[in-house]
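The primary structure of each chain is shown beneath.
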2 protein chains.
Amino acid sequence: VSGTVYLVGAGPGAPDLLTLRAARLLESADILFYDALVNPEVVALATRAEKIAVGKRCGKHSSAQAFINKRLVAAARKHDVVVRLKGGDPLLFGRAQEEIDALSAADIRCEVVPGVTSALAASADLGISLTRRGVSRSVSFVTPRAGAGEDASNWLRAAFVADTTVIYMGSGEAGKIAADLIAAGKPPSMPAVIVENASLPEERRHFATLATLSLAAEQLNGGPALIFVGKVYAEAASAAAHEHQEDDRGRAFAAA
Amino acid sequence: VSGTVYLVGAGPGAPDLLTLRAARLLESADILFYDALVNPEVVALATRAEKIAVGKRCGKHSSAQAFINKRLVAAARKHDVVVRLKGGDPLLFGRAQEEIDALSAADIRCEVVPGVTSALAASADLGISLTRRGVSRSVSFVTPRAGAGEDASNWLRAAFVADTTVIYMGSGEAGKIAADLIAAGKPPSMPAVIVENASLPEERRHFATLATLSLAAEQLNGGPALIFVGKVYAEAASAAAHEHQEDDRGRAFAAA
């Protein structure tokens, strides 16, 4: 008889944006595997558990996925409650499928606990709805991060077509993304926002347009960042432009 | 001096998928306005609050938005902690923008607390990731529900282009949606799943293809339902088909 592996969404970062179910599971965990990007305050909730850091989204120090899978299987054969904690939601850019499949192949019970994805937390702090009557009733969540041999055109089409677009893991190539969207036909004046460290005290927001997006991305401090594009940001971006916001290096970057 | 209005996501339905922040705010609420679709167990957490039901997603008994806005403003002038509770997340098909704008116009402090949107809860229960390396790196969240005079073509394009599509508030017109997607060029064999009452004990899942989607929708019991379309559902849909699943009326509906 083996234990259960819970793939748990840790939410966007703020510890109190964890779900009640996730908090309870952390408290009862025998062993915890967590992504390096998960807030240490959230990890600390697993008071009883052996705690093991695995993986880091941006490549450094990441354990190979096959190795993580093996460790999850081994842990479930030894412990009742195995928690695998992932930033945001496990099933939206969380790479959970490989772990689910490995556990299923090993005949180990696996449950997924959903979380607040960072795009919703960033939107909450912006106070701007992703959908809006008469303006937006489609939202795309996309990433430019491709596996080997993947076709890049599809995500770009999805990013282009939706009324509101959220780009995960794209801030490092913001200039190229903006250029691609403009080349595909989006107006350079289309409003955009970059939100870094959503839900955390160090959260930063950078309003821009597609034309100024790469300049806005230069203001980032290396935290996880999301890019939002769409008409729903028009008012906020134009208010920011009129304030001639200064960034932390004292340079005006808001859309002219 | 007026109080603060918290627009709070109640999550998909299961009370323990509420965030810690939402639970704390409910406990301290002086007055609570809640959508009729919110789980009564969640509403009951607001032990101190005067509780007022407003709105119901599917049209019946819904208070006009302007009237809700007025009541929120009036409540904030009388109470410190006003909680406006919405199913799922407030900013993804939650119609929160009108309330945010009305509060802002009345100079009332407003904070949004994000929630677990039902698509993520349904995906967790399915155990199927919305994104998957080599298969899906774009997800569209769309609704066919249009306001007066809105153009329908745009949401359909967004639904068509993404690798994985989630359709909110569309189960009542599942046949038309499937026909439109097929007419746009999606193969009739494209896998689809309808999940009703995500995260609740009465949750039901209906695997299908676009060709059989309207038949699957006939199995629904009138609860809130989401339609998922994409290659990531291929294995599960084909497994369901091979099991020749019988629905609650004893009729096989899985894709042949």
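Residues numbered from 1 in each chain as written. Chains lettered and ligands numbered in written order. Predicted model: local features only at pLDDT ≥ 70, side-chain atom pairs only at ≥ 80, totals over all residues. Heavy atoms only, no water.

Quick look at helix 3 (residues 65-76) of chain B now. All names here are of chain B. Over its twelve residues, helix 3 runs 17 Å from end to end, which matches the ideal 16 Å to within 8%, given 1.5 Å per residue. Turning to helix 3, its buried residues number three or more, namely Gln65, Ile68, Asn69, Leu72, Val73, Ala75 and Ala76. The buried residues of helix 3 occupy one face: seen down the axis, they fall within an arc of 165°. Opposite the buried face of helix 3, by more than 90 degrees, sit the exposed residues Ala66 and Lys70. Looking at the packing, one finds that the buried side of helix 3 touches strand 1 (4-9), strand 2 (31-34), strand 4 (81-86) and helix 4 (97-105). (Helix = DSSP H or I, 4+ residues; strand = E, 2+ residues; numbered from the N terminus. Expected span 1.5 Å × (residues − 1). Buried < 20%, exposed > 50% of the residue type's maximum accessible area, 1.4 Å probe, protein only. Arc of directions from axis to C-beta. Contact = heavy atoms within 4.5 Å.)

Here we take up the relation of the copies chain A and chain B. Taken as rigid bodies, chain A and chain B are interconverted by a rotation of 180° and an axial shift of 0.0 Å, the fit giving an RMSD of 0.0 Å. Viewed as a symmetry operation, the transformation between the two copies matches a two-fold axis. Both copies contact each other with a shared surface, as 100% of the interface residues of chain A are interface residues in chain B too. (Least-squares fit on C-alpha atoms with pLDDT ≥ 70 in both.)

Right, let's get into the interface of chain A and chain B. Chain A puts 58 residues into the contact, and the matching count from chain B is 58 residues. In total, about 5000 Å² of surface goes out of reach between chain A and chain B, with carbon and sulfur atoms giving 55% of it. Summed over the shared surface of chain A and chain B, the result is eight salt bridges. A salt bridge links Arg24 of chain A to Asp16 of chain B, with the nearest nitrogen and oxygen atoms 3.5 Å apart. In this structure, the connection of chain A to chain B is made through 29 residue pairs in polar contact (both at pLDDT 80 or more). Breaking the side of chain A that touches chain B down by element, the ones donating at least two residues are helix 1 (20-28), helix 4 (97-105), strand 5 (109-113), helix 5 (118-126), strand 6 (138-142) and helix 6 (153-161) of chain A. In this sheet, strand 6 (residues 138-142) of chain B lies alongside strand 6 of chain A in antiparallel orientation, the contact comprising five bridges. (Buried area = accessible area lost by both parts, 1.4 Å probe. Salt bridge = Lys/Arg side-chain N within 4 Å of Asp/Glu carboxyl O. Polar contact = N/O pair within 3.5 Å; in protein donor to acceptor, adjacent residues only side chain to side chain. Pairing = 2+ DSSP bridges.)

With that out of the way, let us pick up the nonpolar core. Of all hydrophobic cores here, the largest spans 92 residues; its most connected members are Phe141 and Phe228 of chain A together with Phe141 and Phe228 of chain B. Setting aside residues no more than four positions away along its own chain, Phe228 of chain A makes contact with Ala119, Ala122, Ser123, Leu130, Thr165, Val166, Pro191, Ala192, Val193, Val195 and Tyr233 of chain A. Within the second largest apolar cluster, 48 residues are counted, among which are Ala174 and Leu220 of chain A together with Leu210 and Val229 of chain B. (Core = buried A, V, L, I, M, F, W, Y, C linked by side-chain atoms within 4.5 Å.)

Here we take up the pairing of strand 7 (residues 164-168) of chain B. Residue and element names in this part refer to chain B. Of all five residues that make up strand 7, five are buried, and the element is covered over most of its length. Covered by surrounding structure in strand 7 are Thr164, Val166 and Tyr168 together with Thr165 and Ile167, the residues of both alternating faces. Direction of pairing for strand 6 relative to strand 7: parallel, over a ladder of four bridges. Residue Val142 lies in a different strand from strand 7, and its bridge partner there is Ile167. Direction of pairing for strand 7 relative to strand 10 (residues 225-230): antiparallel, over a ladder of five bridges.

Residues and elements named next belong to chain B. In space, the five strands of this open sheet follow the order 3-2-4-1-5, with parallel pairing throughout. Either end of the sheet is taken by a strand with one partner, and the two such strands are strand 3 (50-53) and strand 5 (109-113). Across the sheet, the axes of successive neighbouring strands diverge by a mean angle of 20°, strand direction being ignored. One ladder, built from four bridges, connects strand 2 with strand 3; its direction is parallel. Bridge pairing in strand 3 places Phe33 opposite Ile52. Sheet contacts for helix 1 (residues 20-28): strand 1, strand 2, strand 4 and strand 5; angle to strand 4, the most-contacted strand, approximately 130°. Packing against the sheet, helix 3 makes contact with strand 1, strand 2, strand 3 and strand 4, and its axis sits at approximately 155° to strand 4. (Axes fitted to C-alpha atoms, helices over the stretch in contact; angles between N-to-C directions.)

A few words on the environment of Glu27 of chain B. Residue and element names in this part refer to chain B. Here Glu27 shows up in helix 1. Taking the C-alpha atoms as reference points, Glu27 and Ala102, 75 residues apart in sequence, are found 25 Å from one another. With sequence-adjacent residues up to four places away left out, Glu27 is seen in contact with Leu45, Thr47 and Arg48.

Residue and element names in this part refer to chain B. In this model, Phe93 sits at a positive phi of 60°, which is unusual for a non-glycine residue. Despite not being glycine, Arg95 shows a phi value in the positive range, around 55°. Mapped onto the secondary structure, Arg95 falls in the loop between strand 4 and helix 4. Using a relative accessible area of 45% as the deciding quantity, one classes Arg95 as partly exposed.

Residue and element names in this part refer to chain A. Orientation of helix 3 (residues 65-76) relative to helix 4, taken along the N-to-C sense of each, is 45°, at an axis distance of 9 Å. Comparing their axes, helix 4 and helix 3 come out oblique. Note on packing geometry: the crossing formed by helix 3 with helix 4 is right-handed. When helix 3 is examined against helix 4, the residues Gln65, Ile68, Asn69, Leu72 and Val73 are found in contact with a partner set consisting of Glu98, Glu99, Ala102 and Leu103. Of the residues that constitute the contact of helix 3 with helix 4, the class distribution is five nonpolar, two polar and two charged. (Parallel < 35°, antiparallel > 145°, perpendicular 65-115°, else oblique. Left-handed = near helix turned anticlockwise from the far one by under 90°. Nonpolar A, V, L, I, M, F, W, Y, C, P; charged D, E, K, R; others polar.)

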